[in-house]
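# Geometric and topological summary
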Amino acid sequence: YREELKKLRDLPAETRDGAKKVELSANIGTPKDVKGALENGAEGIGLYRTEFLYMDRENLPDEEEQFQAYKQVVEAMNPRPVIIRTLDIGGDKRLPCLDMPEELNPFLGWRAIRMCLDTPQILKVQLKAILRASHYGNVKIMYPMISSLAEIRKANAILEEAKNELRQQGIPFDENLEVGIMVEIPSVAVTADILAREVDFFSIGTNDLIQYTLAVDRMNEKIAHLYEPFHPAVLRLIKNVIDASHRAGKWTGMCGEMAGDPLAAPILLGMGLDEFSMSATSISQVKKVIRSLTYEQAKQIAAKALEMESPEEIKKMLHEVLEEIK
Ligand code: PEP
Ligand code: MG
């Protein structure tokens with residue numbers, strides 16, 4: 001079985017009939033993770049969590065240090081795409097190098113892009129480092145925890161400042177680099193058609209999207225049984241995001257845990273998801289499922305799931321699908 005998965009590594013992630021090809025990418029946290037991504041056949045980095053650069057230290061990383069880390073990843077992956085997510089701190093992640101207030105509801109509080117827009121100097125330093133790295137390969141920028149059009153515009157205004165400063169300094173960067181957002185807040189998923197106009201792509205962060213949609217803390221063991229990726233509400237939100245992006249001529253990926261679940265693959269494929277980003281070790285299993293189905297089959301499975309009334313019913317159908325293609 002392991003041998004079979006290994007052989008899969010160099011095959012494309014396309015349906016059995018060749019009608020739909022998707023991109024299978026890896027999530028990483030540090031440059032050291034690139035090796036595993038490539039060994040498992042990742043076609044890109046769909047989520048580079050940059051928080052680790054900022055953690056466990058007394059002062060913020062400067063532009064040069066960040067640039068070196070990003071460049072290392074970008075060069076090693078070149079020409080494959082690398083989606084670098086701007087600082088997503090707060091929630092359960094606190095930084096000793098930043099004065100962060102105690103909050104009653106940290107997951108609903110001052111986190112990620114909200115914090116970055118309030119401390120634009122921190123964001124600008126990071127954006128300059130990312131832009132500089134973009135000269136060395138295929139880089140895309142992604143903002144976390146976006147909740148409105150206004151936030152995208154504010155972040156992009158800081159990005160423009162960063163670009164202008166680099167131009168004045170004569171430092172090269174990719175002028176055509178794509179900018180996208182994570183969809184991890186239900187209000188954004190519902191209004192995806194509006195936000196699609198301001199972005200090049202979406203990446204669905206199901207870890208947070210599920211917790212906010214179902215009002216279930218993703219860290220709380222006691223209610224873990226209520227944390228349900230196959231809840232009809234979650235599936236409908238995902239479908240809405242993919243459809244809205246396609247109508248606007250944009251693409252949608254997914255970088256939450258759900259993207260690496262073989263059980264979810266038939267539905268996500270059938271809904272038209274364009275990119276799946278996951279922990280590198282899940283890539284071959286998901287690829288196996290994708291290559292076993294025709295696009296028409298996947299579409300029918302997705303359509304059926306979207307009509308069903310409970311997660312149990314949906315998962316039962318999916319287990320039967322996986323059993324058949326085993
Ligand atoms: C997510 O919320 O799905 C996600 C990928 O971001 P993180 O897990 O880093 O919050
Ligand atoms: Mg998240």
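Whatever comes next refers back to the structure up there.
Conventions and cut-offs
Residues numbered from 1 in each chain as written. Chains lettered and ligands numbered in written order. Predicted model: local features only at pLDDT ≥ 70, side-chain atom pairs only at ≥ 80, totals over all residues. Heavy atoms only, no water. Helix = DSSP H or I, 4+ residues; strand = E, 2+ residues; numbered from the N terminus. Rg over C-alpha atoms; globule rule 2.2 N^0.38 Å. Buried < 20%, exposed > 50% of the residue type's maximum accessible area, 1.4 Å probe, protein only. Contact = heavy atoms within 4.5 Å. Lys, Arg positive; Asp, Glu negative; His and termini not counted. Charge placed at Lys NZ, Arg CZ, Asp CG, Glu CD. Pairing = 2+ DSSP bridges. Axes fitted to C-alpha atoms, helices over the stretch in contact; angles between N-to-C directions. Donors = N, O, S within 2.8 Å, 3.2 Å for Na, K, Ca; no water.

## A word on the overall build of the chain
Within the chain, the secondary structure is distributed over 15 helices and 8 strands. Relative to the 2.2 N^0.38 estimate, which gives 20 Å for 326 residues, the radius of gyration of the chain is 19 Å and therefore close to what a compact globule would have. Along the first, second and third principal axes, the C-alpha atoms of the chain reach 60 × 45 × 35 Å. When burial is assessed residue by residue, the chain has 55% of its 326 residues classed as buried. Taking the intrachain contacts of the chain between residues at least 6 apart in sequence as the baseline, contacts between residues at least 24 apart amount to 68%. In the chain, 41 side chains carry a positive charge and 51 a negative one; their mean positions are 3 Å apart.

## Examining unusual backbone geometry
The linkage connecting Asn-78 with the following residue, Pro-79, adopts the cis geometry, with an omega of 5°. In this fold, Pro-79 is placed in the loop between helix H4 (63-77) and strand E3 (81-85). Backbone geometry at Asp-56 places phi at a positive 50°, although glycine is not the residue there. As for its placement among the helices and strands, Asp-56 is situated in the loop between helix H3 (51-54) and H4. In this structure Asp-56 comes out as exposed when scored by relative accessible area, which is 75%.

## Focus: helix H10 (residues 206-214)
Across the 9 residues that make up H10, a large majority, 8, are buried. Among all positions of H10, only Thr-206, Asn-207, Asp-208, Leu-209, Ile-210, Gln-211, Tyr-212 and Leu-214 are buried. Summarising the contacts, the buried residues of H10 are in contact with strand E2 (45-49), strand E5 (178-183), helix H8 (186-190), strand E6 (201-204), helix H11 (232-247) and strand E7 (251-254).

## Some details on the environment of Thr-191
Note that Thr-191 resides in the loop between H8 and helix H9 (192-195). On the basis of relative accessibility, which here comes to 27%, the residue Thr-191 falls in the partly exposed class.

## Notes on the sheet that holds E5
Taken in spatial order, the 8 strands close into a barrel running E1-E2-E3-E4-E5-E6-E7-E8, and their pairing is parallel. Each neighbouring strand pair of the sheet contributes to a mean axis angle of 25°, computed without reference to strand direction. Bridge count for E5 against E6 is 4 bridges, and the pairing is parallel. Bridging from a neighbouring strand, Gly-180 pairs with Phe-201 of E6. Sheet strands in contact with helix H13 (residues 283-292) are strand E1 (23-28) and strand E8 (275-278), and its direction is about 160° off that of E1.

## Overview of the coordination of the magnesium ion (ligand 2)
At the metal site, the magnesium ion (ligand 2) is ligated by Glu-184 (OE) and Asp-208 (OD), and these contacts range over 2.0 to 2.2 Å. With Glu-184 in the loop between E5 and H8 and Asp-208 in helix H10, this pair connects stretches of sequence that are 24 residues apart. Exposure remark for Asp-208: the relative accessible area of 3% places this residue in the buried category.

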